[in-house]
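Architecture and fold: a report
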Amino acid sequence: MARIADDSDFEALKRLVDNHDGWTLELSKSDTQVYTRPVAGCNFNMVKIHTEFSDVTADVVFDVLHDPDYRKVWDSHMLASEEIGILNVNNDVGYYAMSCPPPLKPRDFVLQRSWLDTGPQGEQMLLSRSVPHKNYPPKKGYVRAMSYITGFVLRMKENSKTGCTLKYVAHCDPQGTLPPWLVNKVTHTLGPRMVKDLKKAALGYTGWKQSQPHLRKPWRYPEEIRCPRISIDDCLEKVPEPSAIALSSGHSTPSHQQQPIPSQQQSQPQTPTQRKLPQQLKAQTNGRVLPIMHKKAQSTPASPVVEDAKFLKRDELLKLRLAEQLGKDEKKKPKPDGNKEPVKSSKELEKEAKAAAKESKKATKAAAKEAEALAKKDRKEKGLTKRRSLLNLKF
């Protein structure tokens, strides 16, 4: 469910990335550490990464994580990205699709992002999680994955003007048929690769941004926002299925409604209990059938297709009876004379068809044999002609 993030959410994010209680160190390589932790009620582990960028500022990394145009340049796994809209100046909703190694299907997300910048010497935080959206249901060809939390905390390094520390935490469910043990095994190996790609992108961001036709940064300057404003109500609940809509509009009756209709509701033309069977209607109205419900009971079962089908069945029965009578009469008739041609049985017809097919096969073989003989004769004559021409040559 979508919810506007507040200060308590970012404080919880900082505690999550700073506290190592319950975490297991899976990898420690130069200036990067990868931790994992099991989560109660879920088969997929949470992953956390600590790393240092000695030659990149926190502002640049924060811009790289935000800039949708630059992500198309450096994110090699991204298949599609779309800004759905903003909830306020620090919260937006977007769509993101990413590729997976074959034969796995690509995954996509609908994410709400929240961010907070506490100043030049402070911290910069980015928090995102999956939310539903009524205009972005699951798409064919993609598996809708779930991100429970994805967070970044950026801090400037002490006594350094160019370096920063990055702390990252994520807990995702890729959905589909991927076994959890496999996902947990590869998660802590993919983390350093993501950090490496992010650092490389951060080093080239300033030069790339200067070459663009615009220098907009709406995540820093709200007056540059161009996305449409959306309501959080669009992300609170999933869009109901057609069956659920039909239930809510009174076109079908829940099975648990078995109580009599109050006298105040009997005058209403359409209620969920009016669509039950006539016996149930009789029981619910104390033996009385309302006029408008009586019309419904007459009109709903009387389908012209059903009535036509009934008449057709009767005609078929009459035809069968006539055929049986004619068969009995035929048996009573004397046997036909020898002058008349008797009716052939199915076995005889099948035998004649096989004989005809056999004769046709023989004729085809004979024709092929004759054609081959003619071709052989023609080749022989050509060979004799060639020999005669060679004998007539003068040396």
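Residues numbered from 1 in each chain as written. Predicted model: local features only at pLDDT ≥ 70, side-chain atom pairs only at ≥ 80, totals over all residues. Heavy atoms only, no water.

Concerning the overall build of the chain
The secondary structure content of the chain amounts to nine helices and 10 strands. Here the chain holds 395 residues, and 29% of them are scored as buried. Total accessible area on the chain is roughly 27600 Å²; 56% of this is exposed by carbon and sulfur atoms. (Helix = DSSP H or I, 4+ residues; strand = E, 2+ residues; numbered from the N terminus. Buried < 20%, exposed > 50% of the residue type's maximum accessible area, 1.4 Å probe, protein only. Areas by Shrake-Rupley, 256 points an atom, 1.4 Å probe, with all protein chains shown as cover.)

Quick look at the pattern of salt bridges
Inspection of every chain in the model, using the stated rule, returns 16 salt bridges. The partner of aspartate 18 in a salt bridge is arginine 155, and the shortest N-O contact between them spans 3.0 Å. With aspartate 18 in helix 1 (residues 7-18) and arginine 155 in strand 9 (residues 146-156), this residue pair connects regions lying 137 residues apart in the sequence. Residue class for aspartate 18 comes out partly exposed when judged on its relative accessible area of 34%. Across the pair aspartate 59 and arginine 220 runs a salt bridge, and its minimum N-O distance is 3.5 Å. Of this pair, aspartate 59 sits in helix 2 (residues 58-66) while arginine 220 sits in the loop between helix 4 (180-210) and helix 5 (242-248), and the two are 161 residues apart along the sequence. Taking the relative accessible area as the measure of exposure, arginine 220 reaches 24% and is therefore partly exposed. The network of salt bridges with shared partners includes Glu11, Lys14, Asp18, Glu123, Arg155 and Lys167. (Salt bridge = Lys/Arg side-chain N within 4 Å of Asp/Glu carboxyl O.)

Some remarks on the packing of aromatic side chains
Under the definition given, this model contains five aromatic pairs. An angle of 65° between the planes, with centres 5.0 Å apart, marks the rings of tyrosine 70 and tyrosine 205 as edge-to-face. Here tyrosine 205 lies in helix 4 and tyrosine 70 lies in helix 3 (residues 68-74), a separation of 135 residues in the sequence. Ring geometry for phenylalanine 152 against tyrosine 168: centres 5.0 Å apart, planes inclined by 45°, an arrangement best described as tilted. With a gap of 16 residues between them, phenylalanine 152 in strand 9 and tyrosine 168 in strand 10 (residues 164-173) connect regions that are remote in the sequence. Here phenylalanine 152 and tyrosine 168 have matching classes, each one buried. Through successive ring pairs, a cluster of aromatic residues spans Tyr70, Tyr205 and Trp208. Seen from the ring of tryptophan 23, lysine 48 lies directly overhead, with NZ or CZ sitting 4.2 Å from the centre. Positioned over the ring face of tyrosine 35 is lysine 48, at 5.5 Å from the centre of the ring. (Phe/Tyr/Trp six-rings, centres within 6.5 Å; stacked < 30°, edge-to-face > 60°. Lys NZ or Arg CZ within 6 Å of the ring centre and 35° of its normal.)

Concerning the environment of leucine 111
Residue placement: leucine 111 occurs in strand 6 (residues 107-117). Between the alpha carbons of leucine 111 and histidine 133 there is a distance of 9.4 Å; along the sequence they are 22 residues apart.

Notes on the pairing of strand 9
Counting buried positions along strand 9 gives eight out of 11 residues, so the element sits mostly inside the fold. Here strand 7 (residues 123-130) runs beside strand 9; their pairing, made up of six bridges, is antiparallel. Across the sheet, methionine 125 pairs through a bridge with valine 153, a residue of strand 9. Pairing analysis gives 10 bridges linking strand 9 to strand 10, with the strands arranged antiparallel. Within the sheet, the bridge partner assigned to valine 153 lies in strand 10 and is lysine 167. (Pairing = 2+ DSSP bridges.)

A closer look at the environment of alanine 145
Checked against the element boundaries, alanine 145 lands in the loop between strand 8 (143-144) and strand 9. Taking the C-alpha atoms as reference points, alanine 145 and aspartate 108, separated by 37 residues in sequence, lie 5.9 Å from one another. Not counting chain neighbours up to four residues away, the residues in contact with alanine 145 comprise Arg107, Asp108, Phe109, Ser130, Asp173, Pro174 and Gln175. (Contact = heavy atoms within 4.5 Å.)

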